[in-house]
Amino acid sequence: MTTAGGGRKTACDALVYSVPMSTATHPRLTLSAPARELLRASAIIVGVWSALIALGALGNYSDLLRRGEGKSYALLLWRWWREHTLLILFSCACHALFTTRPAALGSMRSIGRLHLLAVAILVPLIRLVSSYFELRDAGPDPGLHAALRETVESQGLTWFMDFAWVTFTYSAVVAACSWRQGRLRQRDNLKLSLELEQQRLLALRGQLEPHFLFNALNAISALVRADDKRVALGGIGHLSELLRYALQASERDYVALADECRFVDDYLALQKLRYGERLQLAIEADPQALAVGQVPPLLLQPLIENAMRHDLDCHDGPSDIRLLLRAAGTRLSIHVSNPVAAARSANPGLGLGLRQTRARLQLSYGGAAILHAGEHGGRFAVAIDLPLYPGAAA
């Protein structure tokens, strides 16, 4: 094949020109999510009706066989389908209405009005269609006039059965749509509650990190005022490590208990630059707790800080702070205690530590975590019992 300019045109060139034309001529048909949902629900409705119709036709077929009447099951199935087509369409229409107009299910008055409207329109229509097909099955095409006369002369029981079918269908669709809307509202409420809880947790973290930073900077400033540059630089290095961990851990919901313990070691190293040998803290940790335990980030540091404030800041002697970590089954116990001094600190702090810890445990575990704080045997103790790892909270 050659072009007007004498050049050779290959089959590949023809394909290059034909593909865009075909794509532009036949765009891909896409449906919106609500439309897909309506189609899926309509398919389910038709499937349920199909099963009911098949069972009804089968029961009718069995009765005819017992009486010795030889009608085919296919014919009976077709007649059952024919007689219930209006109800199937009515079911799909009601579902589409209640899905696109949820306010229609907002009150019993609205539901009742729609039911009366459906009965007033659908029951006579069903009776008319049934009368027409009954006459046509018995002879030649009866025409609309004969079907109308047969409809008017129908027995009261027949009208009542049509009314019952319409009412049953309407009630079933109303119940299904009401249940679905209730589930959707429950899901939306849970989603909103989760978002609110996450915002509260982020707000608590936002309060905790500046509070921790404020106290750490106070420790560094005390070293600077003492004009000990070497020790102050070492403190800045410890602070850098602490902040790096705090920033990384704050992006997670849970961290390994072993990492939290290492963070506490770095925090104590920083505080020891300020308090010197007065800072004495004994840590007893169960190996199993360190191996698998997980806790919310920065959980231990406020407890240690609280113990230091109510121990070291209340006297001039050494501290006696104890941290116990124990695992029992799927539970983790954290116990922090310090002696109760006769003289209270003049600078007890803002009191954020325990309040924030209690709030964070409630957000992270709900009722699965318990915190107790109080004096016992001359010591002030904070005891926390919580799941050993997040999966154990269930």
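My aim in this report is to walk through the structure given alongside it, one point at a time.

Reading the values: the criteria
Residues numbered from 1 in each chain as written. Predicted model: local features only at pLDDT ≥ 70, side-chain atom pairs only at ≥ 80, totals over all residues. Heavy atoms only, no water. Helix = DSSP H or I, 4+ residues; strand = E, 2+ residues; numbered from the N terminus. Buried < 20%, exposed > 50% of the residue type's maximum accessible area, 1.4 Å probe, protein only. Contact = heavy atoms within 4.5 Å. Areas by Shrake-Rupley, 256 points an atom, 1.4 Å probe, with all protein chains shown as cover. Pairing = 2+ DSSP bridges. Axes fitted to C-alpha atoms, helices over the stretch in contact; angles between N-to-C directions. Patch = residues over 30% accessible without salt bridge, like charges linked within 9 Å, V, L, I, M, F, W, Y side chains within 5 Å. Salt bridge = Lys/Arg side-chain N within 4 Å of Asp/Glu carboxyl O. Lys, Arg positive; Asp, Glu negative; His and termini not counted. Charge placed at Lys NZ, Arg CZ, Asp CG, Glu CD. Phe/Tyr/Trp six-rings, centres within 6.5 Å; stacked < 30°, edge-to-face > 60°. Expected span 1.5 Å × (residues − 1). Bend = angle between axes of the 7 residues up to and from the residue.

Regarding its fold elements, the protein presents 11 helices and 7 strands. Counting across all 394 residues of the protein, residues that qualify as buried make up 34%. If you take every contact in the protein between residues at least 6 apart in sequence, the share linking residues at least 24 apart comes to 72%. In the structure as shown, the protein presents an accessible area of about 23,300 Å², 62% of it carried by carbon and sulfur atoms.

Attention now moves to the environment of Phe 98. Topologically, Phe 98 is positioned in helix α3 (residues 73-100). Separated by 80 residues in sequence, Phe 98 and Ser 178 have C-alpha atoms that sit 8.6 Å apart. Contact partners of Phe 98, with chain neighbours within four places excluded, come to Ala 104, Leu 105, Leu 114, Tyr 170, Val 173, Val 174, Cys 177 and Gln 181.

Position of Thr 357 among the secondary structure elements: in helix α11 (residues 352-365). Other than its neighbours up to four places away in sequence, Thr 357 contacts Leu 299, Pro 302, Leu 303, Leu 371 and Ile 384.

Sheet architecture is open: 5 strands sit in the order β2-β4-β5-β7-β6, paired in mixed fashion. Every interior strand has two partners, whereas the edge strands, β2 (281-285) and β6 (370-376), have only one. Strand-to-strand, the axes of this sheet are offset by a mean angle of 10°, without reference to chain direction. Where β2 meets strand β4 (residues 321-328), 5 bridges bridge the pair, whose relative direction is parallel. Residue pairing across strands places Leu 281 opposite Ile 321, the latter belonging to β4. Helix α10 (residues 300-309) rests against β2, β4, β5 (331-339) and β7 (379-387) of the sheet, and its axis sits at about 20° to β5.

On the surface, Glu 83, Glu 134, Glu 150 and Glu 153 cluster together into a negatively charged patch. Within the fold, Glu 83 resides in helix α3. Here Glu 83 falls in the partly exposed class, since its relative accessible area comes to 40%.

Glancing now at the pattern of salt bridges. Considering all chains together, one arrives at 10 salt bridges under this definition. Among the ionic pairs, Arg 322 bridges to Asp 320, the shortest N-O distance being 3.2 Å. Relative accessible area serves as the criterion here: at 39%, Arg 322 is assigned to the partly exposed category. Judged by relative accessible area, Asp 320 falls into the partly exposed class, the value being 30%. What you see here is one network of salt bridges that share partners, running through Glu 37, Arg 40 and Arg 180.

The next subject is the packing of aromatic side chains. Overall, the coordinates contain 9 aromatic pairs when judged by the stated rule. Aromatic side chains Tyr 132 and Phe 133 sit 5.5 Å apart centroid to centroid with 70° between the ring planes, which places their arrangement in the edge-to-face category. Its relative accessible area of 22% is what places Tyr 132 among the partly exposed residues. By relative accessible area, Phe 133 is classed as buried at 18%. Where Trp 165 meets Phe 168, the ring centres are 6.3 Å apart and the plane angle is 85°; that geometry is what we call edge-to-face. Taken together, the residues span about one helical turn, with Trp 165 and Phe 168 both in helix α6 (residues 156-225) at a distance of 3 residues.

Its 28 residues place the ends of α3 39 Å apart at the C-alpha level, agreeing with the 40 Å of an ideal helix rising 1.5 Å per residue. In the structure, α3 departs most strongly from a straight axis at His 84, where the bend amounts to approximately 50°. Three or more residues of α3 are buried, namely Leu 76, Arg 82, His 84, Leu 87, Ile 88, Phe 90, Ser 91, Cys 92, Cys 94, His 95 and Phe 98.

We now examine helix α2 (residues 33-66). With 34 residues, α2 ought to run about 50 Å at 1.5 Å a step, and its terminal C-alpha atoms sit 50 Å apart, in line with that. Of the residues making up α2, those classed as buried are Ala 41, Ile 45, Trp 49, Ile 53, Gly 56, Ala 57 and Leu 64. In the segment just after α2, Gly 68 is the residue with positive phi, at about 80°.

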